[in-house]
Amino acid sequence: MVNIGFQIVHFVVTLLFFIFLVATNAVIMVYAERKVMAFMQDRVGPKYYGPFGALQSTYDVMKLLLKEIVRSRDTDNAIFSLAPMIFFAPVLTAFVMLPFSPFMTTSALGTGLLLYVALSSLDVIGVFMAGWGSNSKYSLIGGLRSAAQMISYELPLLLSLVGVVMLTSVVSHNGIGSISFTDIVSAQMHPWWLWFVLIQPLGLIIYYTCGLAETNRAPFDLPEAESELVAGYLTEYSGMQWAMFFLGEYGNMLIVSSVATVLFLGGWSGPGADLAFWHSTVTANPGGVFSVADLIFNVIAVFWFLVKVYFLQSIFIWVRTTLPRLRADQLMQYAWLILIPVTLVNILVTAALLLAVPQPYTLWVTGGVNFVMLIGYVLLLSRAIGASPKGTLPPWVQARQRALARNAKAALPPPPGTTAGQALPAGETETLAGSR
Amino acid sequence: MATVNEAPRYAESDEGFRTEEMILNMGPQHPSTHGVLRLVMTLEGETVVHCTPVIGYLHRGIEKILENRTYMAGIRYMDNSDYLSPMLNETAYAGAVEQLMGIEPPRRAQYLRLITNEMQRIASHLVAVGTYMLDLGAFTPILYAFRDREGLLELFEEVAGSRFNVNYMRVGGVLHDLPVGWLQRLEAWLDTFENSWKELDVLITGNEIFMKRTQGVGYIDPDQAVAFGMTGPILRASGVNFDLRVNRPYGAYRDIKVNPVVREDGDAFGRYMCRMYEMKESARLIREGMAALPGGPIGTRTPIALRPPRGETYFAIESSKGELGIYLISDGSEYPYRAKIRGPSFVNLQIVPELMRGHKMGDVVAILGSIDLVLGEVDR
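This structure is a prediction, so every number in the text was calculated from the model and none was measured.

Trainee: Teacher, can you tell me more about the overall build of chain A here?
Mentor: Looking only at helices and strands, one finds 14 helices and zero strands in chain A. When the helices and strands of chain A are placed in sequence order, the string is α-α-α-α-α-α-α-α-α-α-α-α-α-α. Here chain A holds 436 residues, and the buried ones make up 50% of them. Sequence separation of 24 or more characterises 79% of the internal contacts of chain A that already satisfy a separation of 6 or more.

In C-alpha cells form, the structure reads like this:
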C-alpha cells in the first residue's frame with residue numbers, strides 16, 4: 001500500500017533534515033572544535049560573538065560568503081573550479097542511505113555499505129583535481145599525497161567492515177547477511193542489544209583509524225600539512241571555494257562517524273527507541289500510517305543517533321589535539337604493512353569462528369577472540385612503530401657505544417635514515433653542503 | 001655556487017620514465033621556517049636531493065648599529081639579535097665590554113645575571129620545544145609552553161620594566177635590583193613549572209608518533225658536530241660534553257656548578273630531550289642561585305661615557321642555542337670600532353643542507369625545528 005501523500009511528506013522532511021544537518025554540522029563542529037581544543041589547551045577560544053562565542057562560526061561563514069574568490073593567473077580554470085564541487089557532491093550523496101531513524105531514511109538501499117565505500121573513494125578525485133588545477137607545487141604535492149593516502153586507506157576501511165557483514169548473517173534469523181544499513185541496524189537490536197562493537201571492537205578501531213585518514217584529519221592530515229605544505233591542495237583556494245572543501249571535510253567526518261554508529265554502535269538504538277521497536281508499537285518501515293507514537297519514537301531514535309555521532313566526532317577533536325602528524329612514507333607503511341594484514345587476519349579469524357563454533361556460543365567466542373586480537377593489535381602497534389621505548393637509547397647509539405668500548409672507531413654503523421644507503425639519483429656526487 | 005636559479009635535472013627512473021627534479025621554494029613566507037628562512041630544495045619525488053638555505057631576509061645590520069652606538073646604548077640592540085633570549089644576548093655584550101675594560105660586576109649582579117639567564121634559557125627552550133611540536137603537527141604543546149613562558153615574561157616585566165626587549169643588563173652590573181616579593185613569585189613559578197614540565201613530558205616524550213618522526217632523523221655524528229662548529233644542545237645531543245658554563249665558566253657559574261645534559265642519540269629526538277632536560281637543569285640552577293644570592297650593590301660605578309682602552313676581546317657565553325660570542329675592537333673612543341656577533345643559530349644553520357639530503361620532505365621541518373634557529377640571530 002503506497003500512500004503518495006505520505007511519501008512526499010517523507011521525502012521533503014528527510015531531504016530538509018539532511019541538508020540542514022550537513023550545513024549546521026560544519027558550523028557546530030567548527031565551534032565545538034575550537035571550544036573543546038581551547039579547553040584542552042588551557043585557553044578560552046572564541047568568546048566575542050554571541051553567548052560564549054557561539055556565533056563565531058556563523059560570522060566565519062558570512063565572511064567566507066562575502067569574500068572575493070581569488071585565483072592565480074596560471075590555474076587550470078575548469079578543473080580548479082570543478083574540484084570543490086566534485087569534492088562536496090559525494091559527501092551530500094552519501095547521506096542518502098544513512099538510517100538516522102526508521103523514518104529518517106531517504107532510501108533503504110539494499111547495497112548501502114557498498115555505495116558508501118564507492119562514494120567515499122570519489123572524494124579523492126576532487127582533491128587530486130584541486131592539487132593539479134591549482135598549478136602550484138605545494139598543491140600538487142598535497143594532491144599527490146592525498147591521492148596515495150585515500151586510496152591506500154580505502155582498502156583497510158572496506159576490509160574492516162567485512163566482519164560486520166559476516167556477523168549480520170549469523171544474527172539474522174534466516175541466515176542471510178546484508179549490506180543494507182537499515183538491516184544492519186535492525187540486526188544489532190534483535191532480539192537484544194547486540195551492538196557489533198561488542199563483537200568486533202578491532203573492526204571499529206581500524207575503521208575509525210581509516211576514517212581519520214579518509215577525512216584527512218590529524219594525525220593523518222598530511223595533504224594539508226601546514227608546517228610542510230602551507231595548506232596542501234587548499235593553498236590556492238579562497239572564499240566559498242575553500243569553504244566547500246571545508247564543508248566537505250566536516251561532512252566527511254559526520255559520515256564516517258555516522259557509518260561507525262550504524263555499523264558498530266547500533267545506529268539509532270538506545271533506551272526508549274529500542275523499547276518501542278521491541279514491543280512492535282511502531283513499524284520500522286512506515287508504509288502509510290504515522291501516529292504520534294511513531295513521531296515520538298522517531299525523535300528518540302534520531303536523538304540517540306546524533307548522540308553517538310557527536311560522541312565519535314568529539315574523538316576526532318580529541319585525537320587532533322593530542323597527536324603529532326605522521327610522515328608520508330610512515331603513513332603508507334602503516335596502511336599496507338599493519339592495517340591491511342590485521343584486517344585480513346580479522347576477517348579470517350572471524351569467519352572461521354563463526355563457522356566453527358556452535359550456535360549458542362558463537363558470538364561470545366567471536367567477541368572474546370576479537371577483544372584479545374584488539375589487545376594484540378595495540379601491542380603490535382607499539383612494537384611495529386619501532387620507536388625505542390622511553391629512556392633507552394636507540395640501537396645505533398648502543399652499537400656506537402659498543403664500538404667505542406672496543407675502541408674500533410672504523411666500525412661505526414651508519415644510523416638509519418641518514419647519508420649511508422640513501423638512494424640518490426645518478427650523478428649525485430657532491431659530498432659537502434652548500435655548493436654544487 | 002647558487003642553486004637557486006639552476007634548471008632542474010632529468011633522470012631516468014627504474015621503470016624507464018623520464019623524471020624531473022622539482023625545485024621547491026620553501027619560504028621566506030612559510031609557516032614552519034621559524035621566521036624568514038628560505039630553503040630552496042631540489043626534490044626527487046618526496047626525497048630531498050639538495051637544499052640551499054637562503055638567508056638575509058631579516059638583516060637589520062645589528063653589528064653596524066652597535067658600532068654606531070655607545071657601549072651602554074648598544075646593549076638594547078642586542079635584544080633584537082636572538083629575539084627569544086634577550087637576557088642572554090645582553091649578558092654576552094655587557095660581559096664583553098666588561099672584559100674589555102677589565103672590570104668585574106659585583107657578586108649580586110653576577111647572581112642576578114645567572115638567575116635571569118637561566119630563566120631566559122627556559123623560556124627559549126619552551127618556545128623551541130613548542131614550535132617543534134607545532135611543526136610536527138601537534139597543536140597543543142606550544143600552548144602549554146607559551147602558558148609557562150608567560151609567567152617568565154611577567155617576571156621579566158617586573159624586574160626590567162619590559163617583557164620582551166628587557167634592556168636589563170648594564171656594563172658592570174644590572175639595571176634594577178629585584179622588586180619586593182619577586183623571589184617568592186619566581187619560586188612559585190618554578191613550582192608550577194616543574195608540574196607543567198611533567199605534563200609536557202607525558203604529552204610528548206613517550207608518544208610513538210613523535211618518536212617515529214624524530215628518532216634517527218637528522219643524525220649528527222660527534223665528529224661531524226665538532227667539524228661543523230655546532231654548539232649548545234645540538235652538540236651535547238651528539239654526545240660531546242661541551243658547555244661554556246662548565247668549560248669556560250663566567251660570572252656566577254664559577255660558584256654554581258652546572259651538570260650539562262649530554263645525550264648520545266645525535267638525532268632530532270636527542271636534541272629535543274636535551275632541551276627538555278636542560279630546562280630542568282636551569283630550574284635547578286635558578287633555585288641554587290636564589291639560595292646563594294648575596295647582598296650588596298648591583299653594579300659598579302662606571303663613568304657616564306665608557307671609553308675602554310684600545311684593544312680587542314672575545315667573550316662568549318652559553319646561550320640557549322649555543323656559544324654566543326661577542327668580538328669587540330676598541331679604538332679608545334666611546335664607540336666600538338668593530339662589534340662582531342658569533343651567533344649560534346648562524347653557525348648551526350650550516351649543517352642543515354647536509355642533514356636534509358636524502359631525507360623525506362616531511363623530515364625537513366623535523367630537522368629544521370630540531371636545530372632551533374632564530375632568524376634574528378642568523379641574519380642579525
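Now that the structure has been shown, we can carry on.
Trainee: Got a minute to help me understand the sheet that holds strand β10 (residues 336–342) of chain B in this structure?
Mentor: What holds strands together in a sheet is hydrogen bonding between their backbones, with the strands either parallel or antiparallel. All names here are of chain B. Here three strands make up an open sheet; going across it, the order is β8-β9-β10 and the pairing antiparallel. The open sheet terminates on both sides in strands that have one partner only, identified here as β8 (311–318) and β10. The average undirected angle you get between the axes of adjacent strands in this sheet is 15°. In this sheet, strand β9 (residues 323–330) lies alongside β8 in antiparallel orientation, the contact comprising eight bridges. Bridge pairing in β9 links I317 to L324.

Trainee: Quick question: what am I supposed to make of helix α9 (residues 239–264) of chain A here?
Mentor: Every α-helical turn comprises 3.6 residues, leaving residues that sit three or four positions apart pointing alike. The first and last C-alpha atoms of α9(A) sit 37 Å apart over 26 residues, in line with the 38 Å expected at 1.5 Å per residue. Looking at the residues trailing α9(A), positive phi occurs at A:G266, about 80°.

Trainee: How do you make sense of the sheet that holds strand β5 (residues 47–54) of chain B when you look at a structure like this?
Mentor: Strand order in the open sheet formed by three strands is β3-β4-β5 (chain B), with antiparallel pairing between adjacent strands. Taken across any chain shown, the strands that pair with only one partner, and hence form the sheet edges, are β3 (22–26) and β5 of chain B. In this sheet, neighbouring strand axes are inclined to one another by 20° on average, regardless of whether the strands run parallel or antiparallel. Sheet analysis places strand β4 (residues 38–44) of chain B next to β5(B), joined by seven bridges and oriented antiparallel. Each residue of the ladder has a partner; that of B:L43, found in β5(B), is B:V48. Each of β3 and β4 of chain B is contacted by helix α5 (residues 137–171) of chain A, which is oriented at about 110° to β3(B), the strand it contacts most. Seen against the sheet, helix α14 (residues 361–371) of chain B touches β3, β4 and β5 of chain B and runs at an angle of roughly 150° to β4(B).

Trainee: Help me out: how do you make sense of the pattern of salt bridges in this one?
Mentor: Between side chains of opposite charge, a pair can form when the charged atoms approach closely. Residue and element names in this part refer to chain B. For the coordinates displayed, the defined rule picks out 31 salt bridges over all chains. Linking R287 and D191 is a salt bridge whose minimum nitrogen-to-oxygen distance equals 2.7 Å. Highlighted residues: R287 in helix α11 (residues 268–291) and D191 in helix α6 (residues 182–204), separated in sequence by 96 residues. On the accessibility criterion, R287 (24% relative accessible area) is partly exposed. Residue classification places D191 among the partly exposed residues on the basis of a relative accessible area of 39%. The partner of R275 in a salt bridge is D372, and the shortest N-O contact between them spans 3.8 Å. Of the two residues, R275 is situated in helix α11 and D372 in the loop between α14 and α15 (375–379); the sequence distance between them amounts to 97 residues.

Trainee: Would you mind showing me how to read the packing of helix α4 (residues 112–133) of chain A against α9(A) here?
Mentor: Two measures define how a pair of helices packs: the angle their axes make with one another and the distance between the axes. Residues and elements named next belong to chain A. Interaxial distance between α4 and α9 falls to 12 Å at its minimum, and their mutual angle equals 160°. For the element pair α4 / α9, the angle class is roughly antiparallel. In this structure, α4 crosses over α9, and the sense of that crossing is left-handed. Here L113, Y116, D123, G126 and A130 of α4 come into contact with α9, specifically with F245, N252, I255, V256, V259 and L263. Its residues assigned to classes, the contact of α4 with α9 shows eight nonpolar, two polar and one charged.

Trainee: How do you make sense of the side chain of A:S257 when you look at a structure like this?
Mentor: All names here are of chain A. By secondary structure assignment, the location of S257 is in helix α9. When its relative accessible area of 0% is taken as the criterion, S257 is described as buried. Look past the residues within four positions of S257 in its chain and what remains in contact with it is V309, L312, Q313 and F316.

Trainee: Just checking my understanding: could you explain the environment of A:S120 for this structure?
Mentor: Residue and element names in this part refer to chain A. Inspection of the secondary structure puts S120 in helix α4. Along the primary structure S120 and T93 are separated by 27 residues, whereas in three dimensions their C-alpha atoms are 9.9 Å apart. In contact with S120, not counting residues within four places along its chain, are E154, L157 and E214.

Trainee: Any chance you could explain unusual backbone geometry here in plain terms?
Mentor: Keep in mind that most residues, glycine aside, have a negative phi and that most peptide bonds are trans. One non-glycine residue, A:N135, lies in positive phi territory at about 55°. For A:N135, the location among the structural elements is in the loop between α4 and α5. Despite not being glycine, B:R380 has its phi angle at roughly 60°, a positive value. Within the secondary structure, B:R380 sits in the segment after α15. B:R380 gets classed as buried once you look at its relative accessible area, which sits at 9%.

Trainee: Help me out: how do you make sense of the packing of helix α4 (residues 107–135) of chain B against helix α5 (residues 140–160) of chain B in this one?
Mentor: All names here are of chain B. Put simply, α4 and α5 touch, their axes get as near as 8 Å, and they point 160° apart. Classified by the angle between their axes, α4 and α5 sit roughly antiparallel to one another. Seen along the crossing, α4 lies across α5 with a hand that is left-handed. Two secondary-structure elements touch here, α4 through T116, M119, Q120, I122, A123, L126, V127, G130, T131, M133 and L134 and α5 through P141, I142, A145, F146, D148, R149, L152, L155 and F156. Looking at the contact of α4 with α5 residue by residue, the class counts come to 14 nonpolar, four polar and two charged.

Trainee: I'm lost on the pairing of β10(B) in this one. Help?
Mentor: Consecutive side chains of a regular strand alternate in pointing toward one face of the sheet and then the other. One ladder, built from six bridges, connects β9(B) with β10(B); its direction is antiparallel. In the sheet register, B:G325 faces β10(B), and the bridge partner there is B:R342.

Trainee: I tried to follow a nonpolar patch on the surface on my own but got confused; where do I start?
Mentor: Residue and element names in this part refer to chain A. A grouping of I4, I8, F11, V12, L15, L16 and I19 is seen on the molecular surface, where their side chains present a nonpolar patch of about 670 Å² in accessible area. Secondary-structure assignment places F11 in helix α1 (residues 4–40). A residue is classified by how much of its surface remains accessible, and F11, at 47% relative accessible area, is partly exposed.

Reading the values: the criteria
- Residues numbered from 1 in each chain as written.
- Chains lettered and ligands numbered in written order.
- Predicted model: local features only at pLDDT ≥ 70, side-chain atom pairs only at ≥ 80, totals over all residues.
- Heavy atoms only, no water.
- Helix = DSSP H or I, 4+ residues; strand = E, 2+ residues; numbered from the N terminus.
- Buried < 20%, exposed > 50% of the residue type's maximum accessible area, 1.4 Å probe, protein only.
- Contact = heavy atoms within 4.5 Å.
- Pairing = 2+ DSSP bridges.
- Axes fitted to C-alpha atoms, helices over the stretch in contact; angles between N-to-C directions.
- Expected span 1.5 Å × (residues − 1).
- Salt bridge = Lys/Arg side-chain N within 4 Å of Asp/Glu carboxyl O.
- Parallel < 35°, antiparallel > 145°, perpendicular 65-115°, else oblique.
- Left-handed = near helix turned anticlockwise from the far one by under 90°.
- Nonpolar A, V, L, I, M, F, W, Y, C, P; charged D, E, K, R; others polar.
- Patch = residues over 30% accessible without salt bridge, like charges linked within 9 Å, V, L, I, M, F, W, Y side chains within 5 Å.
- Areas by Shrake-Rupley, 256 points an atom, 1.4 Å probe, with all protein chains shown as cover.

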